[in-house]
Amino acid sequence: MEKRISFVDYIRVVACFMVMLVHANENFYGADTSGLAGNMSMLATESNRFWVAFYDGGVSRTAVPLFIIVSAFLLVPMKPGVTMGQFYRRRFLRILPPFVSFLLLYTFLPLAWGGMTWQQSLADLKMLPFNFPSMAGHLWFMYPLISLYLIIPVISPWLERASARDERIFIGIFAFSTLTPWLHRYVSAELWGECFWNGFSALWYCSGYIGYLVLAHYIRFHLNWERPRRLRVGALCFVAGAAFTAWSFWWKGVPGQLIDTPMLEWAWEFCTPNVLCATFGAFLLFTCIEAPVAPKAVTGIAKLSYGMYLMHLFFLAPIAQLLIGGDVAHPLLPVYVTIPAIAVLTFGCTAVTSKLISYLPGSKYVIG
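This report concerns the structure included in the present document. For clarity, every value in this text was computed on a predicted model and none was experimentally measured.

Bringing the overall build of the protein into the picture now. Scanning the protein from N- to C-terminus turns up 15 helices and 2 strands. Relative to the 2.2 N^0.38 estimate, which gives 21 Å for 368 residues, the radius of gyration of the protein is 21 Å and therefore close to what a compact globule would have. Overall, the C-alpha framework of the protein stretches about 55 × 55 × 50 Å when taken along its three principal axes. Taken across its 368 residues, the protein has 48% of its residues classed as buried.

In structure tokens:
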């Protein structure tokens, strides 16, 4: 059995909770009744504006990149002697059966309580070979993760030979590429060779989540800072990046006005400079946890975190409806309490459910 890294288990637990906190927030700015942010958004009050910016933008926006970095931190470079086929077999047998199980559950299970029509269910089923079902928007993350697993055997040999300077050069190019979402929005929809017959820009192969993969390797093998420095730099980077991310939402959100969600979330994409800065800082802070072994509760939840992530929308939606009471402007509790309460209750329900499922034969095919 592989030795567990305690701070990685802490990241898995915290990042899993962050994902649920993100989706708890969406109830307070989505313009429809689904409980999740769609193409259009509307904030009901100044309080909603502030607390969504704080919890979603400031506190939780690093969740996805942290999951990416953790995967890369543990898997790159590949172990000596492991072939591409062996790597694919091991990784995909671990993630794909639960992923497919929940693709089907989100396609059909809502029929049991009238959450969707047979027409929508069948339409989702037809699209399953190509994308996630309509009631499982959070499963978008699985596709970039699959992409990273596909590229790891290709990039791993380079990382084994690359110097720290070589990796810094690549990370610098990646960091520059994180300006792309802003340039697309405020300068031009087509950059550096993009046009209707070419969607691959000059920075295409040095951008996206592969940058976090290289960053993870660099931190593990080349960043030899002492703990006090990691604490200082980590705190500064996280606070600076998170503050900008929170402010960006608050700046664009005007209560009572309908707004395109991409404009409201203009600085919330995961490959933007501010989120990169906050993620780097957060990861450095987690590396300062020097306990050789995490508490059993942390390790136990970390092992269940994949299943918790997959199932959490089944719990979050009814919990949110219960606590909001049909009026996001005046939920049953103050907004600053309601948002984390939704996430905490969802986290607890998914942890208990995943644990119970884990006792069943073949549970690894459902929750990993």
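A few words now on the environment of Ala 343. With respect to the secondary-structure elements, Ala 343 resides in helix H14 (residues 335–358). Taking the C-alpha atoms as reference, Ala 343 lies 8.9 Å from Asn 25; in sequence the two are 318 residues apart. In contact with Ala 343, other than residues within four places in its own chain, are Phe 17, Met 20, Leu 21 and Ala 24.

Attention now goes to helix H6 (residues 142–161). In this model, H6 (20 residues) spans 29 Å end to end at C-alpha, consistent with the 28 Å of a helix rising 1.5 Å per residue. Along H6, the residues classified as buried are Met 142, Pro 144, Leu 145, Ile 146, Leu 148, Tyr 149, Ile 152, Pro 153, Ile 155, Ser 156 and Leu 159. Where the residues of H6 are buried, they touch helix H3 (63–75), helix H4 (84–108), helix H7 (164–177), helix H9 (210–221) and helix H13 (296–324).

The tally for this structure, following the rule as stated, stands at 39 aromatic pairs. Aromatic side chains Phe 50 and Trp 51 sit 4.9 Å apart centroid to centroid with 90° between the ring planes, which places their arrangement in the edge-to-face category. For Trp 51, a relative accessible area of 22% puts it in the partly exposed group. Clustering of aromatic rings is evident, with ring pairs tying together Trp 182, Tyr 186, Phe 244, Trp 247, Trp 251 and Trp 266. Its end group placed over the ring of Trp 250, Arg 49 keeps NZ or CZ at 4.1 Å from the ring centre. Over the ring of Phe 73 we find Arg 220; its NZ or CZ atom is 4.6 Å from the centre of that ring.

On to the packing of H4 against H6. Packing of H4 against H6 leaves a shortest axis separation of 10 Å and a crossing angle of 175°. Between H4 and H6, the interaxial angle falls into the category roughly antiparallel. Across the interface between the two elements, Met 84, Phe 87, Tyr 88, Arg 91, Phe 92, Ile 95, Leu 96, Phe 99 and Leu 103 from H4 touch Met 142, Tyr 143, Leu 145, Ile 146, Tyr 149, Leu 150, Ile 152, Pro 153 and Val 154 from H6. Of the residues contributing to the contact of H4 with H6, the split by class is 17 nonpolar, no polar and 1 charged.

With that settled, the discussion passes to the pattern of salt bridges. Counted according to the given criterion, the structure contains 6 salt bridges. Between Arg 49 and Glu 46 there is a salt bridge, and its shortest N-O distance comes to 3.1 Å. Placement of both Arg 49 and Glu 46 in helix H2 (residues 46–59) is noted, with a separation of 3 residues, approximately one turn of the helix. Looking at Arg 49, the relative accessible area reads 9%, which means it is buried. Counted as one network, the salt bridges with shared partners bring together Arg 4, Asp 9 and Arg 12.

Our focus in this paragraph is unusual backbone geometry. For the bond running from Val 76 to Pro 77, omega is 0°, close enough to zero to count as cis. Relative to the helices and strands, Pro 77 is located in the loop between H3 and H4. One non-glycine residue, Trp 192, adopts positive backbone phi at about 50°. On the basis of relative accessibility, which here comes to 39%, the residue Trp 192 falls in the partly exposed class.

Scoring rules and cut-offs
- Residues numbered from 1 in each chain as written.
- Predicted model: local features only at pLDDT ≥ 70, side-chain atom pairs only at ≥ 80, totals over all residues.
- Heavy atoms only, no water.
- Helix = DSSP H or I, 4+ residues; strand = E, 2+ residues; numbered from the N terminus.
- Rg over C-alpha atoms; globule rule 2.2 N^0.38 Å.
- Buried < 20%, exposed > 50% of the residue type's maximum accessible area, 1.4 Å probe, protein only.
- Contact = heavy atoms within 4.5 Å.
- Expected span 1.5 Å × (residues − 1).
- Phe/Tyr/Trp six-rings, centres within 6.5 Å; stacked < 30°, edge-to-face > 60°.
- Lys NZ or Arg CZ within 6 Å of the ring centre and 35° of its normal.
- Axes fitted to C-alpha atoms, helices over the stretch in contact; angles between N-to-C directions.
- Parallel < 35°, antiparallel > 145°, perpendicular 65-115°, else oblique.
- Nonpolar A, V, L, I, M, F, W, Y, C, P; charged D, E, K, R; others polar.
- Salt bridge = Lys/Arg side-chain N within 4 Å of Asp/Glu carboxyl O.

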